[in-house]
Number of protein chains: 2
Amino acid sequence: MNTQLKVAIAGLGTVGAGTYRVLQEHGELLTERCGHSLVVSAVSARDRKRDRGINLQNVPWFDDPVQMAAEAEVDVVVELIGGADGVAKEICDTAIQHGRHVVTANKAMLAHHGIPLARMAEERGVVLAYEAAVAGGIPIIKALREGLAGNHLKRVYGILNGTSNFILTEMRRSGREFEAVLEEAQKLGYAEADPSFDVDGVDTAHKLAILAAVAFGCEIDFDGVYTEGIRHVSALDIGYAEELGYRIKLLGTVRPTEDGLEQRVHPCMVPLSAPIAYVEGVDNAIVADGDFVESAMFEGRGAGAGPTASAIVADLVDIARGTRLPTFSVPARHLARILSAPMDRHWGAYYLRLMLVDRPGVIADVAAILRDEKVSMESMLQRQRSPGSTVPVVITTHETSESAMRHALERIDRLDTVVESPRMIRIETLGGRT
Amino acid sequence: MNTQLKVAIAGLGTVGAGTYRVLQEHGELLTERCGHSLVVSAVSARDRKRDRGINLQNVPWFDDPVQMAAEAEVDVVVELIGGADGVAKEICDTAIQHGRHVVTANKAMLAHHGIPLARMAEERGVVLAYEAAVAGGIPIIKALREGLAGNHLKRVYGILNGTSNFILTEMRRSGREFEAVLEEAQKLGYAEADPSFDVDGVDTAHKLAILAAVAFGCEIDFDGVYTEGIRHVSALDIGYAEELGYRIKLLGTVRPTEDGLEQRVHPCMVPLSAPIAYVEGVDNAIVADGDFVESAMFEGRGAGAGPTASAIVADLVDIARGTRLPTFSVPARHLARILSAPMDRHWGAYYLRLMLVDRPGVIADVAAILRDEKVSMESMLQRQRSPGSTVPVVITTHETSESAMRHALERIDRLDTVVESPRMIRIETLGGRT
């Protein structure tokens, strides 16, 4: 018994071509593993003539991917065009309406329309699979939805953007500032000409919103994700982090709190005792803390043709093997309404760096403000002395509320001995290895 | 529609009681995730009266677990008694013959009887699931069989024994020798009174043999696993490893070579550029190198009631959700016959530590032997000087064959300037983070 699973690919960029290559090169292996052969039976892309290093001669070509989703004789449509709305969304809608499974790497679309798409797919009895949308080659959706299904998760957090992690890693290794390293990342092809999606945390927020739904069985609320990028992280802060036993990472974190589901993306001081502190360069990693599993970390390549294609083909293998699961851990119609916790209710420790005029009494002024706002200092560090001119002063706090910290920062910023706006980086309390 | 999946648990030690607790405490959560409630409908253990901190009053009790596997009205039997043969095997045979699914954490049984059990289960149309048998809470079987199914894997390696990793970690941190740290591990409950299964690599070899079948779609050949433990690792070697940019880890490694499937368990010098070098304490971790995914690492707790129960319940959730997959990546009747590569064909780099009489010419003698055996030296280190008495000399080599290295070591050992038998630790070439 060797039947076929017929696949259409919409979008033949590096990931689309990579997916095509996996299916071609591993035909026999995949047939053995699935009991079905996976056959590309239709493709659609913008430019038919472009050389993609793959032989498409015998594959039906569609100029219009939406038409392909409607008319091609396929079981699955792989959507690799991207963008939250527009043609990508139309392809998925059309494929599902025509009773075809959908596999997509489109995190923006899922962050904005994941729930209605999942509902539609489940009503129609087809699969909506998206392993490739979060953390590239790392099978994290499968791990959360299946591998850790026995747990009530307490927190899920991760390094979900390789560009930002590469920049932070290089800043630490070279001591250079953000702008210089960004330029290098752009030359190396690790950052886009317009890097804002990556370095401003938007890409991480898309992925986090999806992870939240899988991990906590709730609807997606992308607008509820507090998002802050890495542009304001300076070489000075990275140096102090090392000195204090931390590394600075851009983390996406989701956890249930009394005030609702906390979803936040921002640079974090991560203790060196935590495994994720060592995840460097373009790698991604996700940690899941559960009530029985304790803590599990999943690390690998977060992007690139090969890793992303690996995830897409894993979804196709699941479909071919007949695995049929709820899109997000529980059936879409049973997903909990999400209540996102406001960021000012966040509770945690903080790192502050102030540029102060070095004269007696200035630290006392800062300390008084923190006391007034009920923020308890854990440490204070003034390495340099330079009477009369500006020196950096670093303060770490015990756990306090974000709103108290924000009030304190506003007041500190108004002191005339404070020369630049204070820099604040949240300290993340994470479990370490035993 | 809320039907039940009825579960029998054979063995109520910490893991069995932990599994019972997950099913009790997460009843609602699991029902939501599976669409079925998971109900413990039979239990069997040695001592009915023992207090396990769980309420078994309304659960039918069987004194004989084999009888339970045959007669209890259940869909799944969870085997947690352990041991390669005997009652554990009988329970599984009986359950499968009676058309019941089996979930087990029994790595020894699978390493020895996994293939015939899988064949029987697949013929009978039931699931044989064993996520808990390898690396506790880490969903590595799922990752290899499903998440990375699009890849031809090039190598899978891991830290699969928490006891050994704890001992090596503590030796490094404290500078103490193996025996002292083992004693501490025993006091802490991390090592058994008879630690040989853990520290001699047998436990790692069991798990590796199972991983080999999943990763490479071949039969299991436990006897083909080269196995060497950590008793001979000394504090001195751990110190030199640090100096040379390595950490010593007990790795299980499997990879296809021209000579067959190389399966080996032994202490390795792991470069500090490799993520697995940072996996410390009782944690386990597995790295899979694939042709498309590049490299993915999975880290977490390798043992303990909670993590192991988490894996068992994940298997139950899969069964309840109707997921039906080949036991080891491909149907058992299609698994390739395994040809295990003999260890003397291993090709790699080596670390040697010799205790030599410190006098002119002794290193030349060693160098001449290595040259004769065509082993190329990469570095030589003699830190101490102590003319006339014994000093450690450390040599690292370029890649060479295990047989050449063994011949050289035999000859070196016969030199009368060599005071102790040479210590050899294999250097593992691993990809790093970008």
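Located above this text is the structure these notes cover.
Keep in mind that what you see is a predicted model, and the values were worked out from it rather than measured.

*Asks:* Which parts of the structure should I look at to understand the overall build of chain A?
*Replies:* Along its length, chain A carries 14 helices and 17 strands. For 434 residues, the compact-globule estimate of 2.2 N^0.38 gives 22 Å, and chain A sits close to it at 24 Å. For chain A, with 434 residues in total, the buried portion stands at 64%. Relative to all contacts within chain A whose residues are 6 or more apart in sequence, the contacts with residues 24 or more apart total 74%. With an accessible surface of roughly 16,100 Å², chain A has 47% of that area assigned to carbon and sulfur atoms. In chain A, which carries 45 positive and 59 negative side-chain charges, the distance between the mean positions of the two groups comes to 1 Å.

*Asks:* Help me understand the sheet that holds strand β4 (residues 76-79) of chain B in this model?
*Replies:* Pairing between sheet strands relies on hydrogen bonds along the backbone, with the strands arranged either parallel or antiparallel. Residue and element names in this part refer to chain B. Reading across the sheet, the six strands line up as β3-β2-β1-β4-β5-β6 and stay open at both edges, with parallel pairing between neighbours. In this open sheet, the two edge strands, each paired with only one partner strand, are β3 (61-62) and β6 (128-129). Strand direction decides the pairing type here: β4 and strand β5 (residues 101-104), joined by four bridges, are parallel. Paired with Val78 across the bridge in β5 is Val103.

*Asks:* Even after reading the chapter, I still don't get a negative patch on the surface, so can you show me in this structure?
*Replies:* The grouping of Asp63, Asp64, Glu71 and Glu90 of chain A at the surface amounts to a negative patch. With respect to the helices and strands, the residue Asp63 of chain A is situated in the loop between β3 (61-62) and α3 (65-71).

*Asks:* Help me understand the pattern of salt bridges in this model?
*Replies:* If the charged atoms of two oppositely charged side chains come close together, the side chains can form a pair. Residues and elements named next belong to chain A. Counted under the stated rule, the structure contains 70 salt bridges over all chains. In this structure, Glu262 engages Arg255 in a salt bridge whose closest nitrogen and oxygen atoms are separated by 3.0 Å. Note on Glu262: relative accessible area 4%, which makes it buried.

*Asks:* What is the right way to read the relation of the copies chain A and chain B from this model?
*Replies:* A rotation about an axis combined with a shift along that same axis relates the two copies of the chain. It takes a turn of 180° to lay chain A on chain B, together with a shift of 0.0 Å along the axis; the resulting RMSD is 0.0 Å. Taken together, the rotation angle and the small translation identify this as a two-fold axis. Taking C-alpha positions as reference, the residue of chain A nearest the rotation axis is Phe298 of chain A, located at 2.3 Å. The share of interface residues of chain A whose copies in chain B are also at the interface is 100%, consistent with both copies meeting through the same surface.

*Asks:* What exactly am I supposed to notice about the sheet that holds strand β2 (residues 36-44) of chain A here?
*Replies:* Residue and element names in this part refer to chain A. One open sheet accounts for six strands, arranged β3-β2-β1-β4-β5-β6; its pairing is parallel. Of all the strands in the sheet, the pair left with one neighbour each is β3 and β6 (128-129). Sheet topology note: the strand β1 (residues 3-10)/β2 ladder contains eight bridges and is parallel. Bridging from a neighbouring strand, Leu5 pairs with Leu38 of β2. On top of the sheet, helix α4 (residues 86-97) reaches β1, β4 (76-79) and β5 (101-104); it is set at about 170° to β4, its chief contact. Here helix α12 (residues 305-321) sits on the sheet and contacts β1, β2, β4, β5 and β6; the angle it forms with β5, its principal contact strand, is near 160°.

What counts, and where the lines are drawn
Residues numbered from 1 in each chain as written. Chains lettered and ligands numbered in written order. Predicted model: local features only at pLDDT ≥ 70, side-chain atom pairs only at ≥ 80, totals over all residues. Heavy atoms only, no water. Helix = DSSP H or I, 4+ residues; strand = E, 2+ residues; numbered from the N terminus. Rg over C-alpha atoms; globule rule 2.2 N^0.38 Å. Buried < 20%, exposed > 50% of the residue type's maximum accessible area, 1.4 Å probe, protein only. Contact = heavy atoms within 4.5 Å. Areas by Shrake-Rupley, 256 points an atom, 1.4 Å probe, with all protein chains shown as cover. Lys, Arg positive; Asp, Glu negative; His and termini not counted. Charge placed at Lys NZ, Arg CZ, Asp CG, Glu CD. Pairing = 2+ DSSP bridges. Patch = residues over 30% accessible without salt bridge, like charges linked within 9 Å, V, L, I, M, F, W, Y side chains within 5 Å. Salt bridge = Lys/Arg side-chain N within 4 Å of Asp/Glu carboxyl O. Least-squares fit on C-alpha atoms with pLDDT ≥ 70 in both. Axes fitted to C-alpha atoms, helices over the stretch in contact; angles between N-to-C directions.

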